[in-house]
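# Chains, contacts and geometry: an overview
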Amino acid sequence: MNDLASLRDKIDAIDTELVRLLNERAEVAKEIGTIKNREGLPIYSPEREDKVLRSLVQKSQGPLRPEAIRAIYCEIMSASLALEKDVAIACLGPAGSNSHQAAKSKFGSSVRYLFLSDVADVFREVRKDEADCGVVPIDDPDHGVANSTLDQLAESDLVVCAQIALQTENSDSNVAAARFFVIGKNTNPPSGNDCTMLLLRIEDKPGALVSALEPFKTLNINLSHFASRHAAKGSNDVFFFVEAAGHTRDLQMVDLFRELSKRCRAVKVLGSFPKAASSEV
Ligand SMILES: C=C(O[C@@H]1C=C(C(=O)O)C=C[C@H]1O)C(=O)O
């Protein structure tokens, strides 16, 4: 037998074993799904997926690149999600839009996608349980921050449960990352690698913002993103959206919230979720 044929025989044997193992893994995921459905637990667990991916990337000795491991596992997890439940993800349409691509890079090709025409509709479908989660833009290199998403987050009781970075070519053909949030009804347990999106409502007066940000410095909590919006018409308040390192259940967050509540008109937690992988942003 020539080299090519014998190497292909080797691949055939490995594939047979891989498919057997994948089905074995899928059986376990189905059992997990039965427990979740029985106990009313969320089917999608972003913190678990993040832990699985980080651990596999760390253990892998190559030659597969980390991005390849992530892409393969995105589809494996997509297939297990679909076995656990008929999972639907709402995003901005049409099929093939940036939002759809971002959603597929997180949820893979085994789940169902619902295409909506604006961000408010995505939030509505998730609130009505027509979709398990929604994917909405948060910022992109060409258009900046998505104010419609900030406005919905300010009003809604839905939370940010994951983020997605999508590499896009911008108008100058530079590759840059557009960021999307996954929104849902459930707060995530810690993954050990989280950040937290907060909404601070602050009076529009000199020094108010500096005072609100001081506790982040004192408690040594890093801020990675920052955006502002005027609060409702007729009010003299400003909304500041900040993304801080850590999870709301971290001890130092308790201190942070105590300090923030003294310095802000209102503080709302928009969600704790796994940080983007370093290869993503
Ligand atoms: C199997 C589970 O359900 C989903 C599928 C996962 C997987 O295939 O590894 C991980 C997290 C969940 O989104 C689980 O929660 O462990």
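Residues numbered from 1 in each chain as written. Predicted model: local features only at pLDDT ≥ 70, side-chain atom pairs only at ≥ 80, totals over all residues. Heavy atoms only, no water.

### So, the side chain of His-100
Looking at the secondary structure, you find His-100 in helix H4 (residues 98-107). His-100 sits in the buried class, given a relative accessible area of 9%. If we skip the residues at most four places from it in the chain, His-100 touches Cys-91, Leu-92, Pro-94, Ala-95, Tyr-113 and Phe-115. (Helix = DSSP H or I, 4+ residues; strand = E, 2+ residues; numbered from the N terminus. Buried < 20%, exposed > 50% of the residue type's maximum accessible area, 1.4 Å probe, protein only. Contact = heavy atoms within 4.5 Å.)

### Topic: the domain arrangement of the protein
When cut into domains, the protein gives domain 1 (41-184) and domain 2 (194-274). The straight-line distance from the C-alpha centre of domain 1 to that of domain 2 is 24 Å. In this complex, domain 1 contributes 19 residues to the contact, which on the side of domain 2 involves 15 residues. Together, the buried faces of domain 1 and domain 2 total about 1,300 Å²; carbon and sulfur atoms form 61% of this surface. Contact with domain 2 buries area across many residues of domain 1, yet Leu-150, Ala-154 and Val-160 alone supply 32% of it, more than any other trio. Put simply, domain 1 and domain 2 have 2 salt bridges between them. Glu-243 is paired through a salt bridge with Arg-179; the nearest N and O atoms lie 3.2 Å apart. (Domains from an automatic or database assignment. Buried area = accessible area lost by both parts, 1.4 Å probe. Salt bridge = Lys/Arg side-chain N within 4 Å of Asp/Glu carboxyl O.)

### A closer look at the sheet that holds strand S9 (residues 237-245)
Judged by pairing direction, the sheet is antiparallel, and its 4 strands sit side by side in the order S8-S9-S7-S10 without closing on themselves. The strands lining the two open edges of the sheet, one partner per strand, are strand S8 (223-230) and strand S10 (266-274). Neighbour to neighbour, the strand axes of the sheet diverge by 15° on average, direction disregarded. For strand S7 (residues 194-203) and S10, the ladder comprises 8 bridges, and the chain directions are antiparallel. In the strand pairing of S10, Cys-195 is matched with Phe-273. Each of S7, S9 and S10 is contacted by helix H8 (residues 251-263), which is oriented at about 10° to S7, the strand it contacts most. (Pairing = 2+ DSSP bridges. Axes fitted to C-alpha atoms, helices over the stretch in contact; angles between N-to-C directions.)

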